[in-house]
Amino acid sequence: MRNLFNIGARIVFGLLIFAVLVAAILMRPPKGLSEFDQAFYLSVAYDLNHHGVFSNGVIDDVDSTIATPPPGMFFGPLYPWLIVGVTKFDERFAKTVDCGVEAHHGKRPATDCEIYVRPMHIIHALLLTLGVLAVARAAEVLFAGPMVFWLAGVLASGTLLADANQFSFLMTESTTFSLYSLTMLAMVMGWTTSKRRYFVMAGVGLGLLCLARFSFLVTALIMPALIFINARFVARPPTGGTTISVLTFTVAFLAVVLPWATRNAISVGKFALTEEYGSAALVERFAFDRMTAREFFLAFPYCIPEIGPSVVQHAFGADATARFQYDLSKSFYQIGSGQRWTLVAAHKRLDPIIGELVRTEMKENWWRYILVSVPLAWCGMWVGGWLSLLLVPLFAGSFVAAFRQSKPVFLFYAAPALVMLGLHAAIANHYTRYNLILIGPFSAGAAWLMASICASVRSRWRVRSPAR
């Protein structure tokens, strides 16, 4: 009966999280279909529906409303195919996608388009809920306490609510958060039980994640190393178990990503997962190397959520950190984006020239590149708005406590997200939406520390009560 009650309570908890998240997303004002990166994914889905071609969407030179575009491999296939799947079941949403793409190409005014994206918002909420439950379960396994499950779930939900407006756009954030959280849950189960089926699940999950956002390919190098270290020094499975665990993860991962690379070899002529993706991001990142010393130091207080921007603007003026705001004409983002399109106009493709661009930038600004990555990582880690003011210091405390108390699996759990934080600072920008995967280790670590404090207080209270 206790087990049934526990299962029922968790189901209710998951339904409650889903209801809160879907309400928070649906209550956001409607977004124009060309805002942010939505047009990228919608245009690829449009080309799949109307031409049967996975293209580069609005990035290529072909107006796909009047001509068949060439095959492309710039974007990951997972999210555009998700949009295509929803259009097959909801004709109203399909018309919204078509109208949005046609408006983007100037074939009709955007005011003609109904912004009906509710099915995708519901899917976003479902994906986020699965991610939250995966974070909560991972925390429970890591720290062997049911209270940690509930605390981690509440904290993760709170951070997502702070970014609810972000999830109302048709972009990949909800997908990446969900797949990453589920992948890391499978890894935690594999690390703690040494059962290979969990490494298979983790390999499949990471493969899907990489097909949603290619930057996560970096973690494909980290995960096998963590499996090996855990098996060699922590779990110590039977002889031969270490090698087999690494192989099962690797084979499962390759089984997911290799078909896409094979498709690219056949359709595009390049055996790889993507082209131009990393080069474009790196060119835009170089714009931040022009950061002044004043902007460098002001970035640290400015990026503290809720209170930082107002304090900096009040003390130093609105223009002091204006270049950190992507939507201003002279922002770092606009400068980098302008440089990218100028190079594309001159050379057509960035991959053939990116090596020379990197050598030139490192020769002239290598020290700037290294220094600037520090405030970019600082700014990118404050996921969850105001709640991050609590989570970040608690995570730091839990990280130290885990090291001192010999809880290496929690350190393994946090390592890929921290590596991705550094990667995004090095090749992307300072926006927190790229680092939502930090929510998992932040929430798990904070929940463990809070539960430990509560248990300590309760224990002391019980000891003192009989004496009184």
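Everything discussed here concerns the structure shown above.
Scope of this entry: the structure provided in the associated data block. Values in this document were obtained by computation on a predicted structure and should not be read as measured data.

Calculation rules
- Residues numbered from 1 in each chain as written.
- Predicted model: local features only at pLDDT ≥ 70, side-chain atom pairs only at ≥ 80, totals over all residues.
- Heavy atoms only, no water.
- Helix = DSSP H or I, 4+ residues; strand = E, 2+ residues; numbered from the N terminus.
- Buried < 20%, exposed > 50% of the residue type's maximum accessible area, 1.4 Å probe, protein only.
- Lys, Arg positive; Asp, Glu negative; His and termini not counted.
- Salt bridge = Lys/Arg side-chain N within 4 Å of Asp/Glu carboxyl O.
- Contact = heavy atoms within 4.5 Å.
- Expected span 1.5 Å × (residues − 1).
- Disulfide = S-S within 2.5 Å.
- Axes fitted to C-alpha atoms, helices over the stretch in contact; angles between N-to-C directions.
- Parallel < 35°, antiparallel > 145°, perpendicular 65-115°, else oblique.
- Left-handed = near helix turned anticlockwise from the far one by under 90°.
- Nonpolar A, V, L, I, M, F, W, Y, C, P; charged D, E, K, R; others polar.
- Core = buried A, V, L, I, M, F, W, Y, C linked by side-chain atoms within 4.5 Å.
- Phe/Tyr/Trp six-rings, centres within 6.5 Å; stacked < 30°, edge-to-face > 60°.

### Considerations on the side chain of D60
With respect to the secondary-structure elements, D60 resides in the loop between α2 (38-51) and α3 (78-89). Buried charge D60 goes without a salt bridge, the closest partner of opposite sign being R263 at 10.0 Å. Excluding anything up to four places from it in sequence, D60 contacts S55, P69 and P70.

### A few points about the pattern of salt bridges
Applying the stated criterion across every chain, the model contains 17 salt bridges. A salt bridge links E91 to K95; the nearest nitrogen and oxygen atoms lie 3.9 Å apart. Here E91 and its partner K95 are both found in helix α4 (residues 91-104), four residues apart, which amounts to about one turn of the helix. The two residues E91 and K95 agree in class, both being exposed. Here E102 and R108 are joined by a salt bridge, their closest N and O atoms 3.0 Å apart. Overlapping salt bridges, with partners in common, bring together D37, E173, R213 and R433 in one network.

### Let's talk about helix α1 (residues 2-26)
Taking 1.5 Å of rise per residue, the 25 residues of α1 would be expected to cover 36 Å, and the 36 Å separating its terminal C-alpha atoms lies within 8% of that figure. For α1, the full list of buried residues reads R10, F13, G14, I17, L21, V22, A24 and I25. The inward-facing, buried residues of α1 contact α5 (118-143) and α6 (146-162).

### Examining the environment of I427
Counting through the fold element by element, I427 comes out in helix α17 (residues 408-427). In the structure, I427 is positioned 212 residues away from S215 in sequence and 9.6 Å away in space, judged by C-alpha atoms. Dropping the residues within four chain positions of it, I427 is found in contact with A281, L282, R285 and Y369.

### Remarks on the environment of M120
Within the element layout of this structure, M120 appears in helix α5. Owing to a relative accessible area of 0%, M120 belongs among the buried residues under this scheme. Sequence separation between M120 and T87 is 33 residues, and the spatial gap between their C-alpha atoms is 9.9 Å. When sequence neighbours within four positions are dropped, the list of residues in contact with M120 reads Y79, L82, I83, V86, F93 and L170.

### Thoughts on the state of the cysteines
Cysteine pairs can be covalently joined through their sulfur atoms, and such a bond is termed a disulfide. The final tally for this structure, using the stated rule, is two disulfides. Here C99 pairs with C113 through a disulfide, and the sulfurs are 2.0 Å apart. Disulfide C99-C113: torsion about the S-S bond near -85°, hence left-handed. Pair noted here: C99 is in helix α4 and C113 is in the loop between α4 and α5, with a separation of 14 residues, a long-range link. Residue C99 shares its accessibility class with C113, and that shared class is buried.

### Examining the packing of α2 against α4
Between α2 and α4, the least distance of the axes is 9 Å, while the angle of their chain directions is 110°. Of the possible angle classes, the one that applies to α2 and α4 is roughly perpendicular. Handedness of the crossing formed by α2 with α4: left-handed. Listed contacts from α4 to A39, L42, S43, Y46 and H50 of α2 are V97, D98, V101, E102 and H104. Taken together, the residues of the contact of α2 with α4 break down into five nonpolar, three polar and two charged.

### A short note on the nonpolar core
Residues I83, F93, M187, W191, F410 and Y413 are the most contacted members of the largest nonpolar core, which totals 135 residues. In terms of residue count, α17 provides more of this core than any other element does, 12 residues in total. Not counting residues up to four positions away in its chain, the partners in contact with I83 are Y41, L42, A45, F93, V97 and M120.

### Section: the packing of aromatic side chains
Applying the stated criterion to the full structure yields 29 aromatic pairs. Geometrically, the ring pair formed by F36 and F169 is edge-to-face, given 4.8 Å between the ring centres and 80° between the ring planes. With a gap of 133 residues between them, F36 in the loop between α1 and α2 and F169 in the loop between α6 and α7 (173-193) connect regions that are remote in the sequence. Centre to centre, the rings of W378 and W382 are 5.2 Å apart; their planes meet at 75°, and the pair counts as edge-to-face. With a relative accessible area of 26%, W378 lands in the partly exposed category.

Nothing here speaks to function; it is geometry throughout.
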